[in-house]
Amino acid sequence: MRDRIRVLDALRGFAVLGLLIAHFPSTGGTNFAFSDPRLLGWTPWEMGLWGTQAVFIDAVMRGVFASLFGASMAIILSGSGDMLTRRAGFLVRCIGLLVLGVVHMSLLAWSSDILAIYAVAGMGVLVLSWLPPRYLFAFAALGWAVVVAYAGYRDIATETPTYAEMMAVQAAHAEGYWPHVQASVETWIMMMTNASVLGRIAEAGGYMLLGLGLMRSGALNLSAQTLVRVVSIAGAVGVALAAGTAIHAALSGFVFDASLHPVMRFSKPFIVIAMLAGFVLAMRSELFAHVSKVIFEPVGKMALTAYMGSSLMMLWLFTGFGLELYGRFDRVALWGLMIPAGGFIIVACNLWLSRFKQGPMEKALRVFVDQGTGLIAPVLRPRAKTLPAE
């Protein structure tokens, strides 16, 4: 069990740091970077960095993170205590994540929060959690099919932003804390009441079902040979589809948003599966496991805190609340800035865990779950019927 927890912690830390890479170009460079990556420069270096991010990072790290939510669900539901109490605890955990998601999008001004999406998706996955792995995988595929179908339906054509539009966004980023909070809340409400939120929930739910099914089927104990085959086959399919779509977008002059293309969406589960298998295989190397213990595991143990803390970091770096660095860097410089930013998160997590057992957000969620489970479990538990006296 301890080895399994270590692998999951390391993967979770890897995903959190990957999310930082995914968010930096649009948060610190320009909001229009997804629709037209050339706005952050288009030298050979910048082409390579964009291609790397488009294929291996965008939507992939989100998928890895959601898969680990499902894997953790498998551990929680198989823990000590009766099944009803464990399920009640997981339900309360989802409610706690929803609360943290609202805090994240409001007080930390991060309208792209995924915690609320995970909370809603997690409640749906809980209903299906009793199914055997093969059915979990089938429902996961159904969720991804919804995502791909919606991507094929929606308009993904792009328009080059005007100078006035870019200057308006620049001015908005120069505002202080409260205008960003207001804008984030308004954007979040608009996103959560739009039909596209169903696609986000289906995507997250699909990955959660994948993680749950993999844990139930003993994927962490697969042989090295099997893991290599998974990496090779899933990686080849996913990377070929994603890279082909990225190249097509670049050659066409980015007349469509590559990240929203249905083929790109279809490719991501393959890449996520390959990355999960590859990381599990790498963790069996003594050298990689030792490095992971210092870099990835501490961040993974404080994943909630690190994820929300990275949003606070970007708010301070790129808006008038702090240094107001938005729009001042090209893609290469942004990747250079990510190195000390990621390093700061790693060092902060190591220092915190040298004094405390868990991060502050993890502690808050744990208290919420313990208290909430104690209140809700007795309500859900069927009451014994009292037989009338003879």
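The structure displayed is predicted, hence computed values, not measured ones.

For the protein chain, the helix and strand inventory stands at 15 helices and zero strands. On C-alpha atoms alone, the protein chain measures out to a radius of gyration of 22 Å, which is about the 21 Å that the 2.2 N^0.38 rule sets for 390 residues. Structurally, the protein chain occupies a C-alpha span of about 85 × 50 × 45 Å along its principal axes. Among the 390 residues that make up the protein chain, the fraction classed as buried is 46%. Long-range contacts, defined as pairs at least 24 residues apart, comprise 83% of the intrachain contacts of the protein chain with a sequence gap of at least 6. A total accessible area of about 18,900 Å² is found for the protein chain, and carbon and sulfur atoms account for 68% of it. If the 28 positive side-chain charges of the protein chain are averaged to one point and the 21 negative ones to another, these points end up 13 Å apart.

A word on the nonpolar core. Core analysis: the biggest nonpolar cluster contains 100 residues, and Phe24, Val64, Phe65, Tyr118, Val299, Phe318 and Ile345 have the highest contact counts within it. Here this core gets 12 residues from one element, more than from any other, and that element is helix α3 (residues 60-77). Setting aside residues up to four positions removed in sequence, isoleucine 345 forms contacts with Leu17, Leu20, Val299, Ala306, Ser310 and Met313.

With their axes 7 Å apart at the nearest point, helix α1 (residues 2-29) and helix α12 (residues 286-301) run at an angle of 70° to one another. In terms of their interaxial angle, α1 and α12 are classed as roughly perpendicular. Here α1 contributes Arg6, Asp9, Ala10, Arg12, Gly13, Phe14, Val16 and Leu17 to the contact with α12, which in turn contributes Ala289, Ser292, Lys293, Ile295, Phe296, Glu297, Val299, Gly300 and Lys301. Among the residues forming the contact of α1 with α12, the class breakdown is eight nonpolar, three polar and six charged.

Between helix α10 (residues 224-251) and helix α11 (residues 262-282), the least distance of the axes is 7 Å, while the angle of their chain directions is 150°. What the angle tells us is that α10 and α11 run roughly antiparallel. Relative to α11, the crossing made by α10 is left-handed. For the contact of α10 with α11, a count of residues per class yields 21 nonpolar, five polar and no charged.

You can see aspartate 113 is positioned in the loop between α4 (83-106) and α5 (115-128). For aspartate 113, the side chain forms a polar contact with the side chain of histidine 104, separated by 2.8 Å. When near neighbours in sequence (up to four residues on either side) are disregarded, aspartate 113 contacts Gly101, His104, Met105, Arg200 and Tyr307.

Moving on: the packing of aromatic side chains. The geometry of an aromatic ring pair comes down to the distance between the two centres and the angle between the two planes. Scanning the entire structure with this criterion turns up 19 aromatic pairs. Centre to centre, the rings of phenylalanine 69 and phenylalanine 90 are 5.7 Å apart; their planes meet at 65°, and the pair counts as edge-to-face. Of this pair, phenylalanine 69 sits in helix α3 while phenylalanine 90 sits in helix α4, and the two are 21 residues apart along the sequence. Take phenylalanine 69 and phenylalanine 90: they sit in the same class, and that class is buried. These aromatic residues form a ring-pair network of at least three members: Phe65, Phe69, Phe90, Tyr118 and Tyr307.

What counts and how
- Per chain, the residues get numbers from 1 upward, laid out in the order the sequence is written.
- Restriction of local features to residues with pLDDT of at least 70 applies here, the model being predicted, together with a cutoff of 80 or more for giving and counting side-chain atom pairs; totals for whole chains, interfaces and linings are based on all residues.
- To obtain the side-chain values, all non-hydrogen atoms of the structure were included, while hydrogens and water were left out.
- Helix and strand definitions follow DSSP, with helices as H or I runs of at least four residues and strands as E runs of at least two, each counted in order from the N terminus.
- Put simply, the radius of gyration uses C-alpha atoms, and a globule should come to 2.2 Å times the residue count raised to 0.38.
- Relative accessibility decides the category of a residue: with a 1.4 Å probe and only protein chains considered, values under 20% of the type maximum give buried, values over 50% give exposed, and everything between is partly exposed.
- Any two residues having at least one pair of non-hydrogen atoms within 4.5 Å are treated as being in contact.
- Every accessible area reported is derived by Shrake-Rupley at a probe size of 1.4 Å, with residue values counting cover from the shown protein chains alone.
- Asp and Glu are treated as the negative residues and Lys and Arg as the positive ones, with His and the ends of the chain left uncounted.
- Where a charge lies is defined by one atom per residue type, namely NZ (Lys), CZ (Arg), CG (Asp) and CD (Glu).
- We call a set of buried Ala, Val, Leu, Ile, Met, Phe, Trp, Tyr and Cys residues a nonpolar core when their side-chain atoms join them within 4.5 Å.
- The angle between two axes is taken between their N-to-C directions and runs from 0 to 180 degrees, where each axis is a line fitted to C-alpha atoms and a helix contributes only its stretch in contact.
- If an angle is under 35 degrees, it is roughly parallel; if it is over 145, roughly antiparallel; if it lies from 65 to 115, roughly perpendicular; otherwise it is oblique.
- All amino acids are sorted into three groups, where Ala, Val, Leu, Ile, Met, Phe, Trp, Tyr, Cys and Pro are nonpolar, Asp, Glu, Lys and Arg are charged, and the leftover types, Gly among them, are polar.
- The sense of a crossing depends on the near helix, which, turned anticlockwise from the far helix by less than a right angle, makes the crossing left-handed and, turned clockwise, makes it right-handed.
- For the purposes of these results, a polar contact is taken to be a pair of N or O atoms within 3.5 Å, where, inside protein, one atom must be able to donate a hydrogen and its partner to accept one; residues adjacent in sequence count only when each atom of the pair is a side-chain atom.
- Only centres within 6.5 Å qualify two rings of Phe, Tyr or Trp (six-membered ring in Trp) as a pair; their planes then separate them into stacked at under 30 degrees, edge-to-face at over 60, and tilted for everything else.

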